[in-house]
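# Fold and contact review
Take a look at the letters that make up each chain.
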Amino acid sequence: GSTIGILGGGQLGRMMALAGSNLGYRFVALDPAPDAPCGQVSAQITAAYDDREAARELAKRADVITYEFENVDAGVAAMLMEESYVPQGSELLYTTQHRLREKRAIEASGVRVAPYAEIRSEQELREAVAKLGIPSVLKTATGGYDGKGQWVIRSEAEIGQAYAELSRSGVELVLEQFIRFDKELSVIAARSPQGEIQTFPVAENIHVDNILHLSIVPARVAERVQEEARQLAMRIAEGLNVVGLIAVEMFLTSGGELFVNELAPRPHNSGHYTMEACRTSQFEQHVRAVCNLPLGGTELLTPVVMVNVLGEHVEPLLARMAVADDAAKRLGVEPKIHLYGKSEAITKRKMGHVNVLAPDVDAALAWIAETTIWRV
Ligand code: ATP
Ligand code: MG
Ligand code: MG
């Protein structure tokens, strides 16, 4: 069988390797942590992500190279392209690493993003706030995740401070209009090197402190909105010449309009529900796409709610197993627990997730509330 090299050895790599093993592939992950989640189930090269020597070693040991995070060093990506097969290419990384480039690419595919402006000085920020209105959201163009590198400007008096704070990092900034969304949705699309595209069902996402808490599927929105969300993800997958997965995060307004927030060219937390709830999981689909196999079916087999297990949830989850099981039987739901093998349960750290399979999403939500594991 062939070997797939993964840049990054976190939980996304781990679940990719577990799914790909069933198709006969071997895996080797590059990660600086000696006990990384992926390395526990695959081979591992332990080194910094931008270590050229280690990347060369990865290229030597793998027939195909993919990644599980998008901030791969451009030089390393270029080198890997020379020395191995990187079906996703480097263009997709280059685009999605930078919010401005990403927004331009989304617009070029004919899809709407929230109105935005490039910010190169405090003066430009003042002008842009005047134009886009208050509140608006100042973001670093690169490197942000879980809401880090963002500032919601709620009054003119905050402009100076917001600029000083975010410009300190030295990276480019972008201001976005604040979208008063009704719901946050996401769609994951997969595209093969020949251009075959499949989209997964729309997820309705609920964040707590800017970290994903729940993905609810089917999303509680009109059929027409779901259809449009999947169409828009397909247009982006085509427009950006995606190979592998692309996760599309979007806002739905009360007027029924969809605006894309951001993209991720990899498996996405909001797609973990696919592991038991869809005919094919997002991880298997990614492996199929980068290995040029026919894509799998994406039908939803059952309603599901995915709930994240953060560091602070691990103890209550283990302590209330029996209570949770009683509640599950009473409500007719089946909670499927996934843990990533991380030893330190640090607050806010993603340790695992539970896919609550249920006759309907209300039953799954009732189970989550009744267990009191997640107090939000
Ligand atoms: P992730 O962990 O998903 O990569 P991130 O740090 O890249 O997060 P975003 O997804 O851009 O950040 O924003 C985080 C959250 O902040 C969004 O899910 C949304 O709830 C809110 N948000 C971001 N931009 C806007 C906006 N323009 N209008 C309203 N809310 C926004
Ligand atoms: Mg992001
Ligand atoms: Mg996001």
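Residues numbered from 1 in each chain as written. Chains lettered and ligands numbered in written order. Predicted model: local features only at pLDDT ≥ 70, side-chain atom pairs only at ≥ 80, totals over all residues.

As recorded in an unreviewed UniProt entry, the protein goes by the name N5-carboxyaminoimidazole ribonucleotide synthase, listed as coming from Paenibacillus abyssi. Listed in UniProt under the heading Sequence similarities (unreviewed entry), the comment for the protein reads: "Belongs to the PurK/PurT family." Under the Subunit (unreviewed entry) heading, UniProt states for the protein: "Homodimer." (UniProt positions renumbered as here; feature names shortened; annotations may be inferred.)

## Some words on the site of ligand 1
Of all residues adjacent to ligand 1, which total 16 residues, the nearest are Gly 144, Tyr 145, Asp 146, Glu 176 and Ile 179. Taken together, the residues that form the shell around ligand 1 break down as five nonpolar, five polar and six charged. (Near = placed C-beta within 6 Å. Nonpolar A, V, L, I, M, F, W, Y, C, P; charged D, E, K, R; others polar.)

## Some points on the nonpolar core
If you look at the biggest cluster of nonpolar residues, it comprises 100 residues, and the most contacted ones within it are Ile 236, Ile 246, Val 248, Val 304 and Val 356. Each residue touching Ile 246, except ones within four places of it in the same chain, is listed here: Ala 189, Ile 236, Ala 237, Leu 240, Leu 263 and Pro 265. (Core = buried A, V, L, I, M, F, W, Y, C linked by C-beta atoms within 7 Å. Buried ≥ 20, exposed ≤ 12 C-beta atoms within 10 Å, placed from the backbone. Contact = placed C-beta atoms within 7 Å.)

## Brief notes about the environment of Val 304
Considering the arrangement of structural elements, one finds Val 304 in strand β15 (residues 304-310). Considered as a pair, Val 304 and Val 356 are 52 residues apart in the sequence and their alpha carbons are 5.4 Å apart. Setting aside residues up to four positions removed in sequence, Val 304 forms contacts with Val 217, Tyr 273, Ala 277, Asn 355, Val 356, Leu 357, Ala 358 and Ala 364. (Helix = DSSP H or I, 4+ residues; strand = E, 2+ residues; numbered from the N terminus.)

## A look at the sheet that holds strand β8 (residues 173-177)
Overall, antiparallel pairing links the four strands, which are arranged β5-β8-β6-β7 in an open sheet. Unpaired on one side and paired on the other, β5 (116-119) and β7 (150-153) mark the two borders of the sheet. The average angle at which neighbouring strand axes cross in this sheet is 20°, direction not considered. Summarising the sheet, strand β6 (residues 136-140) and β7 pair through four bridges and their orientation is antiparallel. Bridged to Val 137 within β7 is Val 152. Each of β5, β6, β7 and β8 touches helix α6 (residues 122-132); the most contacted strand, β5, lies at about 175° to it. Of the strands in this sheet, β6, β7 and β8 are in contact with helix α7 (residues 159-167), which crosses β7 at around 170°. (Pairing = 2+ DSSP bridges. Axes fitted to C-alpha atoms, helices over the stretch in contact; angles between N-to-C directions.)

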